[in-house]
Amino acid sequence: METRSDEELMAAVQADDLDQVVPLFERYQGPLFNFLYRLTSDYETSQDLTQTVFERLLKYRASYRPGQPFRAWAYQLARNVHTDHWQRQQRMRTADVVEVERKGALGGAAFRHTAAADREQDLHEAMAQLSPAQHEILVLHRFQGFSYEEIADMLGCTAGAAKVKAHRALQALRTIYFN
Amino acid sequence: MNITPNSSECLDVADLLVDYAEHSLPPAQTAQMAAHVATCPRCQERVAQLQELGTKFEAAEPITPPLALRVNFMAALEREKAALAKPESEVREAKVVRLEPATSEQSGMWWLRIAASLVLLATGVLLGNLWRPLGADVAGISPVATTADSRLGTLKVNPAVPSLSASDRIQLVNEMAGEVKGSADPTVQALINTLNFDPNTNVRLAAGQALYRLRDDPRVREAFVQSLTIQTDPNVQIMLIELLVALRERRAVPELERLSQRRDALPIVRQQAESGLGQLIQI
């Protein structure tokens, strides 16, 4: 069976052949779900956000530029969805003291879904204390396997700058994790 | 632990420490770093910590997305396709009906829903009669068939073209599953038939998901095992494998073995079958 590239499939989706989105969903639901899970540490939230990413992908298919790397575009959608979510959370937090308390006591409950997640819990709790930008760059590089060049494209900086940012984020994580 | 204060040398090498810890520096810089680290307990500790973090990152395992994600996405896709197929004015009207049924219209909607339930039930009954797996329990069908009135006739002419749109059928499947009462409810059989024979993949996915919620009914497990042998769509195959593994249904093992070796199956289906097999065999 011939395998069509992400970009070919997305071009077909853009031309209203919507069924072509199914193989794209197949390829990316795992990576995008994991990306959002690493950022939010919440299973249900990650499911909702991943769903939103794919819905936006369909809805805004016209904004995909033919030939543009699909992976980068899909992650850009995911980053935007996460940013929207994060800002909503911030507003709720300042408005609702109970929410702050809930978040503060989140701890193990957020990771109870899998044994693997249990083992990684301390790492994730440390990562959650990083700034959002540092958290994201580590997730992109360490979990999602993006190169510094690809991250540079996303962040609008040079590859060198992306590398320095990632290294500093890792150093910041080291300080949090081991202290 | 013996900790010396940060020297200016420590600050000079700070940005290289990660690369050094991960052995990705060129030889000349590596030698320079090694010379500093050898004399600096603080940097030694940092290197060890960075290496420990690196190991932790590598050990992190990907998490399997929830099955509901696939089902919900397929439903969203169906809505988008329906929207594409209809002219603008109809779309607006249809969206109100589909997404947020207004309470004021509830009474009017009821008739439509009941009628629609009958259509789906009738489709299920009809198809169930066409296809009876060996040894499958088809009890509970006949009383329903009598209530399925004239619409059954229309369906008989062309069972492949039900009169409801796919997204309406998905919604219906979910509503019907929520109303099932008792273990002999004929709705379960209708859902099983929808899972097996609805022409639309996404409706079949919704039926599978709905049945999983009704998994206490013994017919459900049997139906999943049987259905896996006849489904050809990879999405449905993958869903069934996931559900059967979640149910720890060992009767699925022979079919999973067959699927994992089929050359014409998509690689992702073969992988899923293999991993499902691995999990079921361990149980």
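It should be noted that the structure appears before, not after, this text.
Structure report, in brief. (Residues numbered from 1 in each chain as written. Chains lettered and ligands numbered in written order. Predicted model: local features only at pLDDT ≥ 70, side-chain atom pairs only at ≥ 80, totals over all residues. Heavy atoms only, no water.)

With respect to the overall build of chain B
Note the cut-off: Counting from the N terminus, the helices are the DSSP runs of H or I reaching at least four residues and the strands are the DSSP runs of E reaching at least two. Remark: exposure states derive from per-residue accessible area (1.4 Å probe, protein chains only) relative to the maximum for the residue type, with buried under 20%, exposed over 50%, and partly exposed in between. Two residues qualify as a contact provided that any one of their heavy atoms is within 4.5 Å of a heavy atom in the partner residue. To be clear on the numbers: accessible area is Shrake-Rupley with a 1.4 Å probe, and residue cover counts the displayed protein chains and nothing else.
Within chain B, the secondary structure is distributed over 16 helices and 0 strands. Scored against the burial criterion, the 283 residues of chain B give a buried share of 45%. Nonlocal contacts in chain B, meaning residues at least 24 apart in sequence, comprise 67% of its contacts between residues at least 6 apart. For chain B, the computed accessible surface area is about 14,600 Å², with 55% contributed by carbon and sulfur atoms.

Points about the overall build of chain A
The helix and strand tally for chain A stands at 9 helices and 0 strands. In chain A, the succession of α and β elements from N to C terminus is α-α-α-α-α-α-α-α-α. When the 179 residues of chain A are sorted by exposure, 48% land in the buried category. Long-range contacts, defined here as pairs at least 24 residues apart, represent 57% of the contacts in chain A between residues at least 6 apart. When the accessible surface of chain A is summed, it comes to about 8,600 Å², and 51% of that surface belongs to carbon and sulfur atoms.

Describing the interface of chain A and chain B
As a reminder, the rule being used: Accessible-area loss on putting two parts together, using a 1.4 Å probe and summing over both, is the definition of buried area adopted here. Any carboxyl oxygen of Asp or Glu that lies within 4 Å of a side-chain nitrogen of Lys or Arg is treated as forming a salt bridge with it. Under the rule applied, a polar contact is a pair of N or O atoms within 3.5 Å (in protein, one hydrogen donor and one hydrogen acceptor; residues adjacent in sequence only if both atoms are side-chain atoms). In this classification, the charged set is Asp, Glu, Lys and Arg, the nonpolar set is Ala, Val, Leu, Ile, Met, Phe, Trp, Tyr, Cys and Pro, and all remaining amino acids, among them Gly, are polar.
Contacts between the two partners involve 42 residues from chain A, matched on the other side by 37 residues from chain B. Together, the buried faces of chain A and chain B total about 3,700 Å²; carbon and sulfur atoms form 64% of this surface. The interface formed by chain A and chain B contains 8 salt bridges. Where Arg 79 of chain B meets Glu 55 of chain A, a salt bridge forms, and the shortest distance between an N and an O atom there is 3.9 Å. In this structure, the connection of chain A to chain B is made through 14 residue pairs in polar contact (both at pLDDT 80 or more). Mapped onto the side of chain A that touches chain B, the elements with two or more residues apiece are α2 (21-40), α3 (43-59), α6 (115-128), α7 (132-143) and α9 (159-178) of chain A. If one sorts the elements of the side of chain A that touches chain B by residue count, α2 of chain A sits on top with 10 residues. Per-class residue counts for the side of chain A that touches chain B are 19 nonpolar, 9 polar and 14 charged.

Here we look at the side chain of Thr 201 of chain B
Residue and element names in this part refer to chain B. Looking at the element boundaries, Thr 201 is found in helix α12 (residues 201-213). When its relative accessible area of 18% is taken as the criterion, Thr 201 is described as buried. When residues no more than four places from it in sequence are discounted, the contact partners of Thr 201 are Asp 233, Asn 235 and Val 236.

Looking at the packing of aromatic side chains
For clarity, the cut-off: Each pair of aromatic rings taken from Phe, Tyr and Trp, with Trp reduced to its six-membered ring, is defined by centres within 6.5 Å and is described as stacked if the planes are under 30 degrees apart, edge-to-face if over 60, and tilted in the remaining cases. In this scheme, Lys NZ or Arg CZ marks a charge over a ring once it lies within 6 Å of the ring centre and within 35 degrees of the ring normal.
All chains considered together, the criterion is met by 14 aromatic pairs over all chains. Judged by centre distance (6.4 Å) and plane angle (85°), the rings of Tyr 37 of chain A and Tyr 43 of chain A are edge-to-face. In terms of burial, Tyr 37 of chain A and Tyr 43 of chain A fall into one category: buried. Geometrically, the ring pair formed by Tyr 64 of chain A and Trp 73 of chain A is edge-to-face, given 5.2 Å between the ring centres and 65° between the ring planes. With respect to burial, Tyr 64 of chain A and Trp 73 of chain A carry one shared label: buried. Over the ring of Tyr 212 of chain B we find Arg 215 of chain B, and its NZ or CZ is 4.3 Å from the ring centre.

Some remarks on unusual backbone geometry
Residue and element names in this part refer to chain B. At His 23, a residue that is not glycine, the phi angle is positive and equals roughly 55°. Looking at where His 23 falls in the secondary structure, it is placed in the loop between α2 (17-21) and α3 (27-39). Overall, His 23 belongs to the exposed group, its relative accessible area being 68%.

Remember that the coordinates give geometry; whether it matters functionally is a separate question.
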